[in-house]
Amino acid sequence: MDKNFQEEFTQIIKFKPPLYKQRHQFVKDLVEKYKPKKVADLGCADCSLLRMLKFCSCIEVLAGLDICASVMKEKMHTLSPLPVDYLQPSERSLTVTLHHGSVAQKDPCMLGFDLVTCIELIEHLEEPELKKFPEVVFGFMAPSIVVISTPNSEFNPLLPGVMLYRHPDHKFEWNQAQFQSWALETARCYDYSVEFTGVGQPPTGMEKAGFCTQIGVFVRKYPQTGESVQSEKPTEAVYKTVFKAVYPSLKDEKYLQNAVISEVIFTAQIIKHRLMSKHEEYGDDPERKSKFQPSMDCFSDYLGKLVVEKNMEPFVSGNEIYIPLATIFSFPKVNRLCGTFEKLRKLIAGKVTLSSDGSAVMFNIEHENEEN
């Protein structure tokens, strides 16, 4: 639904936050509660809900579907990864896809979702589409949770300027009893339970009008079997994919390798600077010594404790500084990124200068001094 159109009518009541934001927050709260990995938004329109949900760390797959391709295309660029996503890849994977099509049609790309949202969608459907909608969403897609929101017609008299429906494209608007009757029958047919709530509180004294937006949260009672999914699966796709973005992730070894190399070099450089700042070679040269003062006291304290407890001390030999890989691996971020010492060695092989036996990161002091 067009947010500006609706807010034009609700400005006297002044919902805070605006009603569309309350609906989106409701969905986000459900995501934080149930932690779904795959979420689809049917009737995604300008993709504003998807833009909010892409920041939820549990979600790995986001999909949007709308009958109007032009509305999606206008805003789909906002779902693309930003430069910072490449500089600091997330530990999770995330794929965002937008499809052009009708919720009255079945397409295999919509199978396997944990949560499906239909926010201000059903009131836009013609009667034949509305009849097919439950079978598509609850019978075919059969996600664990479905969230459906729709206008509550009993609230309409409180909205100045609303003569029949809140939006010219609405085909109907149900009162609370009509929505609950439809939702309960749908839940019964497809083995779901349903709870009713809403957003947009009525004014004091008008509580009987109910929420401005009524919401049904459907939860599937029994797990869907693989056989039932397969038997329903159409042989051909009917939706057209109009957008797809795969976010950089540390689950991709290319991005993981870059992150590990950067962290190993960063860690090794700080250890090297701490070692050189204390080395007697620079003891009588304040100017050169100042270049290598430790930049992080807590880092230095941790290194000192590590050396004492595990006997993994860096050392200087001639013009070379050697920092044991085992020492670097013991630092929390490197350890978390790699998981195993063998994985660390594999990821930095050929990318970081190591000692002849491969046990330590090696720096040439003379070479670095020439560069400086």
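Residues numbered from 1 in each chain as written. Predicted model: local features only at pLDDT ≥ 70, side-chain atom pairs only at ≥ 80, totals over all residues. Heavy atoms only, no water.

A. Structural view of the packing of aromatic side chains. All told, the structure shown has 12 aromatic pairs when counted by the stated rule. Ring centres of Phe 329 and Phe 341 lie 5.7 Å apart, and the angle between their planes is 80 degrees; on these two criteria the pair is classed as edge-to-face. Taken together, the residues Phe 329 in helix 12 (residues 325-329) and Phe 341 in helix 14 (residues 341-348) connect sequence positions 12 residues apart. Residue Phe 329 is classed as buried on the basis of its relative accessible area of 13%. One cation-aromatic arrangement involves Lys 38 over Phe 113; the distance from NZ or CZ to the ring centre is 5.1 Å. A cation over an aromatic ring shows up here: Lys 272 above the ring of Phe 363, its NZ or CZ 5.0 Å from the ring centre. (Phe/Tyr/Trp six-rings, centres within 6.5 Å; stacked < 30°, edge-to-face > 60°. Helix = DSSP H or I, 4+ residues; strand = E, 2+ residues; numbered from the N terminus. Buried < 20%, exposed > 50% of the residue type's maximum accessible area, 1.4 Å probe, protein only. Lys NZ or Arg CZ within 6 Å of the ring centre and 35° of its normal.)

B. Structural view of the nonpolar core. Ranked by internal contacts, the top residues of the largest apolar core, which has 39 residues, are Val 31, Leu 53, Ile 59, Leu 98, Val 147 and Phe 243. Mapped onto this core, the elements with two or more residues apiece are helix 2 (19-34), helix 3 (48-53), strand 3 (95-100), strand 4 (115-119), strand 5 (145-151), strand 7 (213-220) and strand 8 (240-246). The leading source of residues in this core is helix 2, at 5 residues. Ignoring sequence-local partners within four residues, the contact set of Val 147 consists of Phe 26, Leu 30, Leu 115, Val 116, Thr 117, Cys 118, Ile 119, Ile 215 and Gly 216. One finds Leu 42, Ile 122, Leu 130 and Ala 187 within the second-largest nonpolar core, a separate group that totals 32 residues. (Core = buried A, V, L, I, M, F, W, Y, C linked by side-chain atoms within 4.5 Å. Contact = heavy atoms within 4.5 Å.)

C. Representation of the sheet that holds strand 9 (residues 315-317) in the model. Spatially, the 3 strands line up as an open sheet ordered 9-10-11, and their pairing is antiparallel. The open sheet has two edge strands, strand 9 and strand 11 (360-364), and neither has a second partner. Each strand axis lies, on average, 25 degrees off the axis of its neighbour in the sheet, ignoring direction. With 5 bridges joining them, strand 10 (residues 320-324) and strand 11 adopt antiparallel strand pairing. Paired with Ile 323 across the two strands is Val 361, which belongs to strand 11. (Pairing = 2+ DSSP bridges. Axes fitted to C-alpha atoms, helices over the stretch in contact; angles between N-to-C directions.)

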